[in-house]
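# Working through the structure, step by step
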Amino acid sequence: RRRGAIIDSLSVQSDLEVLQSSPHVINVVLDAPGSEEVERRCHFDGYETLRDILLTVTEDYGVNLSQCQVILLTQPDMLPDFDCQAVKFANQTFLIICPARQQLYFAPRTGEECPAELSSVYQCIAYFSCCGLKPLDGKGDRPSFSKLTSMGFKSWEDLLDQETIQNFASHEEDQQIAIWELLYTEHSHLTQLAVVINTFMKCLEYIQTIDLLNEVNYHNIFGNMRELYVAHEKFWNDTLLPCLRKAADGYKPLDVNDLVDNFPQFRQLFEVYEHHCIFESQNLKALDEAMNNAEFNAYIKWCESRPECNRLRLKDFLAKPMQRLTKYPLLLKAIQNKTKVYKSKMKLQNIISMVENFVSKINSDLRYQDEVEKVKLISQKLASTCVIRDVPSGWEKYLQPYLQLDLLAPMPGVDLRQPRTLAMEGPLRYKEDATKVCIGIICWQQ
């Protein structure tokens, strides 16, 4: 056993040596007085400390590292240990602010505008990290809503006294749990939408007002996130919150009838989802392209490191609305399964059918959008195909109008309302006079 322990320790030591000996990179951004911002990629072999890496940058510009403010952009609230091995921070980005620059944007400015001296995205991140997001409150309305916790309720049991809870039948308690699940998850979703607007969108809006990151298309990434928030806020205030307040004011259980009476407005409220879901994939694609911008990448990582993001990435937040929409039928069915009163069950069934039809329509629109994208990709492959061989010189301009194949148009002799969809695409292999032939086949259906 001792020999095995020695072998294991040697194995771990050799792995560490391999890790330390492999090349690594740390990105360092230096904001020094009298010069433009400097960005440098520092390569090291794994044995140097973080202090050694940072000194290689500051000494070149005559800057005293001990007097500088050093911020790790992915964890701006953490004070990095300069004496630890640099390999711990491989592929991370550090911002070094010199003393003469610190006074420009590290002075406390609670309630004031951001200083005009901010001239880079990294400076904005540093300012937001040290002074918070409060100076941006004047840059437009921020989402605000009544929190469940502010009313002192962490569970449905907080609405009732213990004697009432003890007299509950099993199905009544299960019904309260199911109704509370709908209320609690809706409030959580509303909070997540507010995080996207307050943290990701509002800060980026300010950065773009000082002519930074203007190459990033703001609307292509976030779409109609604000309209979604307004819809969910109205749904909360008009449908769910009255049910909660009635129970809280009268010390009564949550009533399923109070819940369903205001539900018919669901479809009208959430029509904004039709636009969001159709462009969701395009928003994610625009985000991927924008992340190639180093400054925007650093900004997004800083936002994602904020405590209110709860370790969720921006991509996770952008996918939340569609996930929430598909959850409503499940949450309502859970309430229906625990409801014994026939009239209430029928009301819930009508609501469930209406919500399922709406979700089904959204999914149908998404499938149609996917089919259109497939057709467009195939159209690009066939755009340069000419079905006539050996065209005489000078005839191309006469043939060109007839060579355009519009695959988005319906098939001849078919109802114009029926779109063309892809049935199958793949290779067809066969033999012709002992010769193997392979051609591409595209099958369409109307």
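Residues numbered from 1 in each chain as written. Predicted model: local features only at pLDDT ≥ 70, side-chain atom pairs only at ≥ 80, totals over all residues. Heavy atoms only, no water.

Okay, the overall build of the protein next. The secondary structure content of the protein amounts to 15 helices and six strands. Once local pairs closer than 6 in sequence are excluded, the contacts in the protein between residues at least 24 apart make up 70%. Surface accessibility of the protein: about 25,300 Å² in total, with carbon and sulfur atoms responsible for 50%. (Helix = DSSP H or I, 4+ residues; strand = E, 2+ residues; numbered from the N terminus. Contact = heavy atoms within 4.5 Å. Areas by Shrake-Rupley, 256 points an atom, 1.4 Å probe, with all protein chains shown as cover.)

Relative to strand S6 (residues 435–445), strand S5 (residues 421–432) runs antiparallel, the two being bridged by 11 bridges. Paired with Lys431 across the two strands is Lys436, which belongs to S6. Between the end of S5 and the start of S6, which pair antiparallel, lie two residues, with Asp433 showing a positive phi angle near 55 degrees. (Pairing = 2+ DSSP bridges.)

Below, the discussion takes up the pattern of salt bridges. Across all of its chains, the model carries 12 salt bridges by this definition. For Lys347, the salt bridge goes to Asp261, with nearest N and O atoms at 3.7 Å. Taken together, the residues Lys347 in helix H14 (residues 342–382) and Asp261 in helix H9 (residues 256–261) connect sequence positions 86 residues apart. Residue classification places Lys347 among the partly exposed residues on the basis of a relative accessible area of 28%. Of the charged contacts, one joins Asp288 and Lys315 as a salt bridge, the two residues approaching to 2.8 Å between their closest N and O atoms. Within this pair, whereas Asp288 is found in helix H11 (residues 272–290), its partner Lys315 is found in helix H13 (residues 314–337), the two being separated by 27 residues in sequence. (Salt bridge = Lys/Arg side-chain N within 4 Å of Asp/Glu carboxyl O. Buried < 20%, exposed > 50% of the residue type's maximum accessible area, 1.4 Å probe, protein only.)

Under the counting rule described, the total for this entry stands at 13 aromatic pairs. Here the aromatic rings of Tyr299 and Trp302 are separated by 6.3 Å at their centres, their planes lie at 35 degrees, and the arrangement is tilted. Within this pair, Tyr299 and its partner Trp302 are both found in helix H12 (residues 294–304), separated by three residues, close to a single helical turn. Of the two residues, Tyr299 and Trp302, neither departs from the other in class, the shared state being buried. (Phe/Tyr/Trp six-rings, centres within 6.5 Å; stacked < 30°, edge-to-face > 60°.)

So, on to the sheet that holds strand S1 (residues 24–31). Spatially, four strands are ordered S2-S1-S4-S3 in an open sheet, and the strand pairing comes out mixed. Only two strands of the sheet have a single partner each, and these edge strands are strand S2 (38–44) and strand S3 (69–72). The average undirected angle you get between the axes of adjacent strands in this sheet is 25 degrees. Contacting S1, S2, S3 and strand S4 (93–97), helix H2 (residues 50–58) crosses the sheet at an angle of about 140 degrees to S2. (Axes fitted to C-alpha atoms, helices over the stretch in contact; angles between N-to-C directions.)

The next point concerns a nonpolar patch on the surface. Residues Leu428, Tyr430 and Ile439 make up a contiguous nonpolar surface patch of about 240 Å² in total accessible area. Examined against the element boundaries, Tyr430 turns out to sit in strand S5. The exposure class of Tyr430 is partly exposed, given its relative accessible area of 34%. (Patch = residues over 30% accessible without salt bridge, like charges linked within 9 Å, V, L, I, M, F, W, Y side chains within 5 Å.)

Take the confidence of the model for the protein next. Chain-level pLDDT for the protein is 77 on average; 80% of the residues reach the 70-or-more range. Per-element confidence in the protein ranges from a low mean pLDDT of 39 for helix H1 (residues 2–21) to a high of 92 for H13. In the predicted structure, residues 101–114 sits below a pLDDT of 50 and forms 42 contacts with residues beyond four places in sequence or in another chain. Residue range residues 134–142 is modelled with pLDDT below 50. Its contacts to residues more than four positions away, or to other chains, number 22 contacts. (pLDDT = per-residue confidence, 0-100.)

Below, the discussion takes up the packing of helix H8 (residues 225–250) against H13. Here H8 crosses H13 at 35 degrees, and the two axes come no closer than 11 Å. For H8 against H13, the interelement crossing comes out left-handed. In this structure, H8 contributes Met225, Leu228, His232 and Phe235 to the contact, and H13 contributes Leu318, Pro321, Arg324 and Tyr328. Residues that form the contact of H8 with H13 fall into these classes: six nonpolar, one polar and one charged. (Left-handed = near helix turned anticlockwise from the far one by under 90°. Nonpolar A, V, L, I, M, F, W, Y, C, P; charged D, E, K, R; others polar.)

Within the largest apolar cluster, 90 residues are counted, with the highest numbers of intra-cluster contacts made by Phe222, Leu254, Phe266, Phe296 and Tyr299. Per-element accounting of this core gives the leading share, 17 residues, to helix H6 (residues 170–209). When neighbours within four sequence positions are excluded, Leu254 is seen to be in contact with Trp156, Leu159, Gln176, Ile179, Trp180, Leu183, Cys243, Leu244 and Ala247. The next biggest cluster of nonpolar side chains, apart from the first, holds 23 residues, and it includes Val57, Leu65, Val70 and Cys98. (Core = buried A, V, L, I, M, F, W, Y, C linked by side-chain atoms within 4.5 Å.)

Glycine aside, negative phi is the norm for most residues, and most peptide bonds take the trans geometry. Within the chain, Leu213 stands out as a residue other than glycine whose phi angle is a positive 55 degrees. One can find Leu213 in the loop between H6 and helix H7 (218–222). With a phi close to 65 degrees, Arg311 is a non-glycine residue in the positive phi region. Relative to the elements of secondary structure, Arg311 occurs in the loop between H12 and H13.

A word on the side chain of Gln369. Tracing the backbone shows Gln369 in helix H14. Those residues in contact with Gln369 that sit more than four places away from it in its chain are Ile278 and Gln282.

The subject of this paragraph is H8. For H8, spanning 26 residues, the distance from its first C-alpha to its last is 36 Å, which sits close to the expected 38 Å at 1.5 Å a residue. Phi for Tyr251, located one or two positions after H8, is positive at around 50 degrees. (Expected span 1.5 Å × (residues − 1).)

To continue, consider the side chain of Arg324. On the secondary structure map, Arg324 appears in helix H13. Residue Arg324 is classed as buried on the basis of its relative accessible area, which comes to 5%. Engagement of the side chain of Arg324 in a polar contact is seen with the side chain of Tyr328, the distance being 3.5 Å. (Polar contact = N/O pair within 3.5 Å; in protein donor to acceptor, adjacent residues only side chain to side chain.)

Here S4 lies mainly inside the structure; five of its five residues are buried. Because side chains alternate across S4, one face comprises the buried residues Thr93, Leu95 and Ile97, and the other comprises Phe94 and Ile96, equally buried. Relative to S4, S1 runs parallel, the two being bridged by five bridges. Bridged to Leu30 within S4 is Ile96. Where S3 meets S4, four bridges bridge the pair, whose relative direction is antiparallel. Bridged to Gln69 within S4 is Ile97.

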